[in-house]
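# Structural description and commentary
Residue-level listing of the chains:
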Amino acid sequence: MADAATEPLLHVEGLHKRFGEHAVLAGASLDVPRGRLVTVLGRSGAGKSVFLKCLADVLQPDEGRICFDGRELKPGDAAVRAEFRRRCSFLFQSNALFDSLTALENVALPLEQTTDLSDKEITERSLEALRQLELDGHRDRYPGQMSGGMQKRLALARAIVTRPELVLFDEPTAGLDPLRRNAVFAMIAKYQRQFGFTAVVVTHDVPEALVASDRVALLDKGRMCFEGTPAEFSASSDGVVCDFRDSTDALGRTLAAIRRGEALQPEDS
Amino acid sequence: MLRIVGRHTLSIVHALGDFALFIGRSFRASVGSRKLGRRIVRAGFEQGARCLPVILIVGTFTGLVLGLQGYYVLNKFGSEGLLGTLVSLSLIREMGPVLAALMIVGQAGSALAAELGIQRNSEQIAALETMGVSSHAFLVAPRLIASLLVYPMQAALFVTVGLVGGSLSGSVLLGLESGTYWSAVERAVESQDVRECFAKAAVFGLLTIGLCAYHGFNAHRCRSATGAQAVSASTTRAVVQSCIIVLAADYVITSFLV
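First things first, this report covers the structure right here in the doc.

Cut-offs applied
Residues numbered from 1 in each chain as written. Chains lettered and ligands numbered in written order. Predicted model: local features only at pLDDT ≥ 70, side-chain atom pairs only at ≥ 80, totals over all residues. Heavy atoms only, no water. Pairing = 2+ DSSP bridges. Helix = DSSP H or I, 4+ residues; strand = E, 2+ residues; numbered from the N terminus. Axes fitted to C-alpha atoms, helices over the stretch in contact; angles between N-to-C directions. Contact = heavy atoms within 4.5 Å. Buried < 20%, exposed > 50% of the residue type's maximum accessible area, 1.4 Å probe, protein only. Right-handed = clockwise from strand over helix to strand, strands pointing away. Expected span 1.5 Å × (residues − 1). Salt bridge = Lys/Arg side-chain N within 4 Å of Asp/Glu carboxyl O.

## Observations concerning the sheet that holds strand S8 (residues 198-203) of chain A
Residues and elements named next belong to chain A. Pairing is mixed across the open sheet formed by six strands, whose spatial order is S6-S7-S8-S3-S9-S10. Edge positions in the sheet fall to strand S6 (88-91) and strand S10 (223-228), since each of these pairs with one other strand and no more. Along the sheet, successive strands turn relative to each other by an average axial angle of 15 degrees, direction set aside. Packed on one face of the sheet, helix H6 (residues 178-195) meets strand S3 (37-42), strand S7 (166-170) and S8 and runs near 165 degrees to S8.

Right, dumping it as structure tokens:
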């Protein structure tokens, strides 16, 4: 029998998800070890967000198994799913903050609705989460009055206030400039170590992911075509991994060819 | 032709069933929901206090017009003394609950549909679910429960200011004795009429707020549009269907009660 400490916190096996005729996931599998930061890489439209939403119980996979802490999340098992939701948080790409609630109210919301804590304890814990994310001076501001980075931190404060064991990040750096991308990844890595939660991040930012993550997986054509450490990812000679990893070099080669006046070859041919 | 009629009938039956499940799910989810009272009060404020000006204005003018038209008709038969009866029964049995419901739909129902549609689009509803918070209990149930209380109160207010409006046009403008008007009101109105008024208002509240919440909540399922256009389409559909359902339900309830 596997030791609970070494057993992955999240075990995903053979996920399939179709939207009409379009198969987005075609047998995606992943193991997420406890206390680690795992990044799922993939091209835009590869199904990373769908994969994460299946993990977060937002979407129902057509086939496959998801086990959290050794227990399978079955569609009919409301108790196990409720337990999973209590121990897991999800950070949406859009942050999904309640724009009619202040920063403090946003952070307090999951505590108010899912715990039996008193109003005083809820306020204290929410203020503590805001302080940890360096937002304590903005408790009465609405999300619309905050910058993009502050909104991201507010969403993270809301995600960690319930002290989850697993936090899922959906494209946390989408649309950000390189400096902000670094800052967001640094923030995730810092708080992941500080609070000790297990994190799954989906992104297509390779350099940042390789620096910040403990493990990396690559989703391509609905399946995980690579799973390993960042060092293994950097050293891999797999064609798909190389294409994805060396995309910047490929751009350089393409631009050099354009400058030399050579005809462009279609990449996918 | 038969196939088209069949398909439309099936889709209407499916939509009605879906709506009934939505309402049932919301009430069931509200059992044991935390801080429900606080959210009911907030919803009551949206449907009550925010709609107060429009209820007062429309109620007064409805009473004024009823007084004028009623006096004109009754005068032909030499029965001006029955103006209070006509105004009070028209307002309490029909116009009060119907017009108050239509006003609340225009003010609070449309806002509710748009708000839920935007929350759906910006993934706020999905975020609630991932937190383990029932979106039905958090967003829909308080509005439904508040509507059961607020609609009858608004209907009562509408009737009250309408009666005053009727008195103004009957007594002040057309010279009918004020005592004649109010004693006719007192003689005409029975407790059954008041109960009917409250029952209608509560049913209209449940149906219209339910419809507005349903369309906003399901804005992402809109087939004809996406994004902001889906919110707009859902809001329009919510308001139009609410207005129709008020009049249709009014007919059904009246036909059972008369």
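## Considering the sheet that holds strand S4 (residues 63-68) of chain A
Residues and elements named next belong to chain A. Read across the open sheet, the four strands follow the order S2-S1-S4-S5; overall the sheet is antiparallel. The sheet is open, and its two borders are formed by strand S2 (22-32) and strand S5 (71-72), each paired with just one other strand. Judged from the two bridges that link them, S4 and S5 form a sheet pairing that is antiparallel. Bridged to Cys 67 within S5 is Glu 72. Running over the sheet, helix H1 (residues 48-55) touches strand S1 (10-19), S2 and S4 and is turned about 120 degrees from S1.

## Description of the pairing of S7 of chain A
Residues and elements named next belong to chain A. Of all the five residues making up S7, five are buried; the element is thus mostly covered by neighbouring parts of the structure. Residues Leu 166, Leu 168 and Asp 170 point to one face of S7 and Val 167 and Phe 169 to the other, with burial holding for every one of them. Here S6 pairs with S7 via four bridges, running parallel. Counted as the bridge partner of Cys 88 is Leu 166 from S7. Bridging between S7 and S8 involves five bridges; their strand directions are parallel. Considered in S8, the bridge of Asp 170 is made with Val 202. Once you follow S7 into H6 and on to S8, the crossover reads as right-handed.

## Points about helix H3 (residues 52-76) of chain B
Residues and elements named next belong to chain B. Its 25 residues place the ends of H3 36 Å apart at the C-alpha level, agreeing with the 36 Å of an ideal helix rising 1.5 Å per residue. Residues of H3 that are buried: Ile 55, Gly 59, Thr 62, Gly 63, Leu 66, Gly 67, Gly 70, Tyr 71 and Leu 74. For H3, the elements touching its buried residues are helix H4 (83-121) and helix H6 (135-173). Looking at the residues trailing H3, positive phi occurs at Gly 78, about 65 degrees.

## Focus: the pattern of salt bridges
Enumeration over the complete set of coordinates arrives at 29 salt bridges over all chains. The shortest N-O distance in the salt bridge between Arg 87 of chain A and Glu 165 of chain A comes to 2.7 Å. Taken together, the residues Arg 87 of chain A in helix H2 (residues 78-87) and Glu 165 of chain A in the loop between helix H5 (148-160) and S7 connect sequence positions 78 residues apart. For Asp 119 of chain A, the salt bridge goes to Arg 38 of chain B, with nearest N and O atoms at 3.4 Å. With Asp 119 of chain A in helix H4 (residues 119-132) and Arg 38 of chain B in helix H2 (residues 36-47), this residue pair bridges two chains.

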